[in-house]
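A closer look at the structure
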2 protein chains.
Amino acid sequence: MKHLQADIKKLNLFPAFSSGQFGMEKEGLRITKDGHLSLTPHPSVLGNRSFHPYIQTDFSESQLELITSPAPDVAEMYRRMMAIHDVAGRSLATGEAIWPASMPAIIPAESEIPIAKLDDKEDVLYREALAAKYGKAKQLVSGIHYNFELGSEFVEALYQGKGETGCIETFKTSLYLKMAQNFLRYRWVLTYLLGATPIADESFWRNQTHPMEKPQLPVRSIRNSHLGYSNDSHIAVSFESLEKYVSDIERLVANGDFIAEKEFYSPIRFRGSKSVRGLLETGIRYIEIRVFDLNPFAPFGMTKEDMAFVHLFMLYMLWIEELHESDAEASLGHKMNETTALEQPDKPSSYQAEAMTILAGMEKMSAQLALPTYYEEALKQAKEKLVYPEKTLANQLIELIQSENGFISSVTALAEQYEADCLAKPYALRGYTNMELSTQLLLFDAIQKGITAEVIDEHDQFLKLQYHEHIEYVKNANMTSKDQYIAPLIMENKSVTKRILEAAGFHVPAGEEYQEEAVALANYWRYQDKAIVVKPKSTNYGLGISIFKEGPSLEDYTTAIKIAFKEDQAVLVEEYVTGTEYRFFVLDGKVEAIMLRVPANVIGDGKRTITDLVAEKNQDILRGSHHRSPLELIQLGEIEQLMLKEQGYQISSIPQKGEIVYLRENSNVSTGGDSIDKTDEIDVSYKQAAIEMTAALGARVSGVDLIIPDATIPSTKEHPGYAVIEANFNPAMHMHAFPYQGKGRRLTLGILGMLFPELIIKEQP
Amino acid sequence: MKHLQADIKKLNLFPAFSSGQFGMEKEGLRITKDGHLSLTPHPSVLGNRSFHPYIQTDFSESQLELITSPAPDVAEMYRRMMAIHDVAGRSLATGEAIWPASMPAIIPAESEIPIAKLDDKEDVLYREALAAKYGKAKQLVSGIHYNFELGSEFVEALYQGKGETGCIETFKTSLYLKMAQNFLRYRWVLTYLLGATPIADESFWRNQTHPMEKPQLPVRSIRNSHLGYSNDSHIAVSFESLEKYVSDIERLVANGDFIAEKEFYSPIRFRGSKSVRGLLETGIRYIEIRVFDLNPFAPFGMTKEDMAFVHLFMLYMLWIEELHESDAEASLGHKMNETTALEQPDKPSSYQAEAMTILAGMEKMSAQLALPTYYEEALKQAKEKLVYPEKTLANQLIELIQSENGFISSVTALAEQYEADCLAKPYALRGYTNMELSTQLLLFDAIQKGITAEVIDEHDQFLKLQYHEHIEYVKNANMTSKDQYIAPLIMENKSVTKRILEAAGFHVPAGEEYQEEAVALANYWRYQDKAIVVKPKSTNYGLGISIFKEGPSLEDYTTAIKIAFKEDQAVLVEEYVTGTEYRFFVLDGKVEAIMLRVPANVIGDGKRTITDLVAEKNQDILRGSHHRSPLELIQLGEIEQLMLKEQGYQISSIPQKGEIVYLRENSNVSTGGDSIDKTDEIDVSYKQAAIEMTAALGARVSGVDLIIPDATIPSTKEHPGYAVIEANFNPAMHMHAFPYQGKGRRLTLGILGMLFPELIIKEQP
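These figures come from a predicted structure and were not determined experimentally. (Residues numbered from 1 in each chain as written. Chains lettered and ligands numbered in written order. Predicted model: local features only at pLDDT ≥ 70, side-chain atom pairs only at ≥ 80, totals over all residues. Heavy atoms only, no water.)

1. A short note on the overall build of chain A
Scanning chain A from terminus to terminus reveals 27 helices and 23 strands. With the C-alpha coordinates of chain A rotated into their principal frame, the extents come out at 100 × 65 × 50 Å. Burial analysis of chain A (765 residues in total) assigns 58% to the buried set. Restricting to contacts in chain A with at least 6 residues of sequence separation, those with at least 24 account for 72%. (Helix = DSSP H or I, 4+ residues; strand = E, 2+ residues; numbered from the N terminus. Buried < 20%, exposed > 50% of the residue type's maximum accessible area, 1.4 Å probe, protein only. Contact = heavy atoms within 4.5 Å.)

Structural data, given as structure tokens:
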């Protein structure tokens, strides 16, 4: 694989060169508050590990393994890891956290370290064999595997542009061989920059059933040294050709050196087929780089910049003209890496000059690739670490340990900080906070339960969900294949909805729509004795609405009609129903949530001003702005001040203790209103009515708005206790999950249950 | 029922008084071109008479009975009759028409007059008994029954306002009793104004198996005289009370005077229950007025104004303070009617003064009711007829007969004219021409097949369809319960559609979407050797599009990207696929139609100018404007003239014989393009692909657009002969039904078949 740079230049493939697919597997131990390994079972809310695509356990029951699906770029891989982390962090038992360092927290005696309780016996037996061979403590050392595949269009264009005669699989294999060979020669650079296991807790050394000499600590990376997570030193697998690689691994399995092929703990591995032999047919599809210590300063194990640096580094291994094909070169690289791993963290690298040359080359290459700006930042950070060894991760960690009273205490503090960040906005899913809240919740639940979730149109809130072969598409969190097309079309049309509900025997406020003022006036006879509301057909914010609670005089009616026609070309005159409006969320034949919305308000304490009370209420973590939170901040703008004025207040007034002061007339959550869950308080007869209405509309998901004068008096067919205002398709779900008062209702789990009835989905406790 | 006017005034019920429900049953004989009774069977395309709600047969197999469902006002009843007429007229065998007069066309010997071939034996036996009793000829005399119910809210408001103590059913009965009693006294007025059976054909008199004296002709109304469609003269049913009415009819059935209750051929009947006895319990729900001769000058049997007049007349019968409760008054009325019916049509009424008083009263009443303007016109026309007897229908018909060579010839000419009008725009359904063409077709088919169809939102193209207990809602003719909600949402999002189709293995033009110019330019490498099209994401009319058939230079690519970004914030770069675009209409797993669209064009004849050729092509009855026709008129505006100029033509140029001159680049039907059906010409492999694509999208109805270079070469999975451009939800159907060239495809029938699989729907032959 020579002259790659010339070929890329000739074929104009610079931007293509940086395309690719990226994936990451990150291990992390569950710990308790005091920095001990948690001995509790894997959280049951995380669904079934026998198929979970995102959250597994590695060696130990307490060792989470977080897995991203293949992403088209580094930023996407990063945000997927962020989201999976959010899910894992929020699924832990109270008081637990994820240990953010590679060397374990305080571990118990080896006999007490739980092996992952997997369904598959083979998997358990494999882990037991590993425990016997390496000791459990070593298996707890956690890290990151980084999977990288060159862009297929790039490979194809290069293959064709070079006029290769062999098959494309062979060509691709030659690319990855070169990349791996050069990597093995230069990987010490990554150990220097990203090594982050300078020391370990005493419990780690103490627990060695397979004793090893404790080196002079601190070092750059225990894990990347011979003391770390590696095969015995006599194990040798050639990287000189794919054929040798395959036959060496197969030999080691055959002669019992390896329990299985996957026991090959190489810093880099070839991937693309279930067995290594398969690679000879398919060619190498991607590589797996396994050298990364967890970065304790990165909440998700590795920073986006470091992910970008690794990408660039691997590209550079292919880019350079140098060839380090022989296993002897790999051995040299191994030795340089061992030296680097065991260097003191605050000392410069023994091979600084070589690293400077490599970084300069990477910079030069990078400049031609039209990359996002965080790549530039990545190179800058690496250069700084090279020049200033005190800035390496290993040394930074040592400094923290020294200032913060030891390894366990300082890393536990980080773990708790990350866990607190993760719980801070329980309604949002980091990485996807630009999407609708309900979609974030659905994504969260899908990831938690192990349903493969893919955002196929971010702006359009379009998800693809998959469980085994079963695929479902979802838009805006509850628009699915389970509803008939006509149902939302009916609900969208308020007058059609009314007609259908009325015909089905439900109590719809009687009313007429008028296009002409004269006709509306001629119909006065219909309303003269009735409580009515006159309103423009498509009004908002109450403009042009008149309410007559006792039947209007002809004169008043005439005025009301004229006012309404000023606002719209069509006017509705409807029966006025007094009572409280509730939203019934009907899902698949059940009322899963009932919500009362109350206008923005504060309750006086006899001491503080309205301004202070509002400020205090706005402290609620559920309150935010621009629909990024389940509740909105209460404003003190013109409308609110006018409303106060009408009640004889100013913002500086001090309401009586217990007095409720409303700041708005409308009860919308979007203008600071409170949402109050009433699911368990409303008589079952109303729930039944809402369920039957939804059925009459042919819908499986609907938000039915009922006005109820007294929800404690049962409703009957003859004397309905409600009037149905409207039925909403695509009803909001996040407000039910995080109400201001009352129990949250996780409707998104219900949606998943409807979509995937074959998967029993348990409510979070 | 006294003081009604005062009550209405006191309760302010003037406009309410004119509310009500209206229905009509209209008989009409099928005839052949030469004015003979048609002896063919009831058209099979009209579905099954055992349940048909709109089109039945009355006594004879050749006697159509057209039935409107209850309508909320006269205008609505009128348009429903119009639509049902359109359906009936277009369902006749070629050469047949509907006889527009009450007295029959030329009829054969009685033995040859076919009795309706109904499934129910009872129904056939009843007709045979009638034939024996009255003779078949008399049973062929056709007319209109007009059903009228007072507005229920009016009745209720009046009932409550008057503080009635009895039950509301009794109150309602008393209203209808008064209405009927006064009607029987004054019905001669309707006979005078609307009587339209002045003479009959000789075959009618000749055919009397039950001979009757032929009166001095012409008269006003044979049918409303004792010679018409009435019971024997000794039959007497009292209208003095409902109890007497019921017991009289039951007695007549019991003693054999009536074969069944329905044989009571009264000018007015009480309705609302299956048996007359049931009326005693339910009260009278509505009345049926049976005196109306077909108006041969009205294409649908009665003008809207006359329908309004009848409404007013019936209201007036209730309005007036007069009571004519006794059967003696009814007898007086009967005599006056007989006199009127047998008067010479061009002579003034014997009771003109009484009629003038009634009309004046009706005018006065009407002025208080806030009625549509055609009511005013109705009164005006009635007054004219009263003053000028030559303007009555009977006399108008006599005048026509005299000027046009006799009864048969002149009425046949009218029948043919109406039939021609009905066939003139086969794509439109009169009464509903403001709705979308596809909805008009679906309504047509539903009416034809006997599916109850109700427009529930006209502007929104919302229909309710019902067959027995099975209800389906349809929007825009093919948005139904049979599609999943998510399917149209997928199709609406072009990029999601592409992703899904591509993942399912279909050939989608490769391509990317760019939000940034720099990124688009950096991706030049992808396209340098490929045929591509660069286009703004949401362009129309070809603005900002560049096509490179052989792979662009970097310079040209850069220019194209910059141009496209001037038009939109997102730009698509896609594989350019050459070939012809076809629309595949997939319905329920089948390709029901394939259409090719060709840009607006004319074909030269070596003689005429382009202007002349366009004018000729625009003669096609399928061409119209504003989407009111399946094809649009070809324009000769700026765009067309520019296109001509580019080809070296002007509108005055004379193209060579056989030369095709295009007037547009785009092939849209909306800009004068031609639609050409290709359903039977495209290789089945493409149909299979379109079916599978629709399945992959989870849709049952889709318009799949494929580009095919050569549709005669089969497409295979390995070498797809197509590229799929998009899949459309709610695809247009009318253009397939009425193509410019090729066979029409009645997709709306397929939609009905999908919605009502239990109803076997046959394609029109």
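2. Quick look at the packing of helix H16 (residues 393-403) of chain A against helix H17 (residues 407-424) of chain A
Residues and elements named next belong to chain A. Where H16 meets H17, the closest approach of the two axes is 8 Å, and the angle between their N-to-C directions is 105°. Here H17 runs roughly perpendicular to H16, going by the angle between their axes. Residues Leu-397, Leu-400 and Ile-401 of H16 form the contact with H17, whose participating residues are Phe-407, Ser-410, Val-411 and Leu-414. For the contact of H16 with H17, the per-class residue count stands at six nonpolar, one polar and no charged. (Axes fitted to C-alpha atoms, helices over the stretch in contact; angles between N-to-C directions. Parallel < 35°, antiparallel > 145°, perpendicular 65-115°, else oblique. Nonpolar A, V, L, I, M, F, W, Y, C, P; charged D, E, K, R; others polar.)

3. Remarks on the sheet that holds strand S22 (residues 701-708) of chain A
Residue and element names in this part refer to chain A. Across the sheet, five strands lie side by side as S21-S16-S15-S22-S23; this open sheet has antiparallel pairing. Lying at the two open borders of the sheet, with one neighbouring strand each, are strand S21 (674-677) and strand S23 (723-728). Taken pair by pair, the neighbouring strands of this sheet meet at an average axis angle of 25°, ignoring direction. Examined bridge by bridge, strand S15 (residues 580-587) and strand S16 (residues 590-598) share six bridges and lie antiparallel to one another. Bridging across to S16, Phe-584 finds its partner in Ile-594. The strands touched by helix H27 (residues 747-755) are S15, S16 and S22; relative to S15, the strand with the most contacts, the crossing angle is about 35°. (Pairing = 2+ DSSP bridges.)

4. Side note on the relation of the copies chain A and chain B
Superposing chain A onto chain B requires a rotation of 180° together with a translation of 0.1 Å along the rotation axis, leaving an RMSD of 0.1 Å. This pairing of chains is accounted for by a two-fold axis. No C-alpha of chain A approaches the rotation axis more nearly than that of Tyr-485 of chain A, which lies at 2.0 Å. When the interface residues of chain A are mapped onto chain B, 100% of them again fall at the interface, so both copies present the same face. (Least-squares fit on C-alpha atoms with pLDDT ≥ 70 in both.)

5. Details of the domain arrangement of chain A
Per the domain assignment, the segments of chain A are domain 1 (4-424) and domain 2 (510-575). A C-alpha centroid distance of 70 Å is found between domain 1 of chain A and domain 2 of chain A. (Domains from an automatic or database assignment.)

6. What about helix H10 (residues 242-254) of chain B?
For an α-helix, 3.6 residues make a turn, and residues three or four places apart therefore share a direction. All names here are of chain B. Between its terminal C-alpha atoms H10 stretches 18 Å, which fits the 18 Å expected from 13 residues at 1.5 Å a residue. Here the buried face of H10 lies against helix H7 (168-186), strand S6 (268-271) and helix H11 (276-282). Phi turns positive one or two residues past the end of H10, at Gly-256, with a value near 90°. (Expected span 1.5 Å × (residues − 1).)

7. Side note on the packing of aromatic side chains
Aromatic ring pairs are defined here through the distance separating the ring centres and the angle between the ring planes. Applying the stated criterion across every chain, the model contains 50 aromatic pairs over all chains. Members of the aromatic cluster, joined through ring pairs, are Phe-239, Tyr-245, Phe-258, Phe-264 and Phe-270 of chain A. Sitting over the face of the ring of Tyr-374 of chain A, Lys-304 of chain A holds its NZ or CZ atom 4.6 Å from the ring centroid. Sitting above the plane of the Tyr-126 of chain B ring, Lys-262 of chain B keeps its charged end 4.3 Å from the centroid. (Phe/Tyr/Trp six-rings, centres within 6.5 Å; stacked < 30°, edge-to-face > 60°. Lys NZ or Arg CZ within 6 Å of the ring centre and 35° of its normal.)

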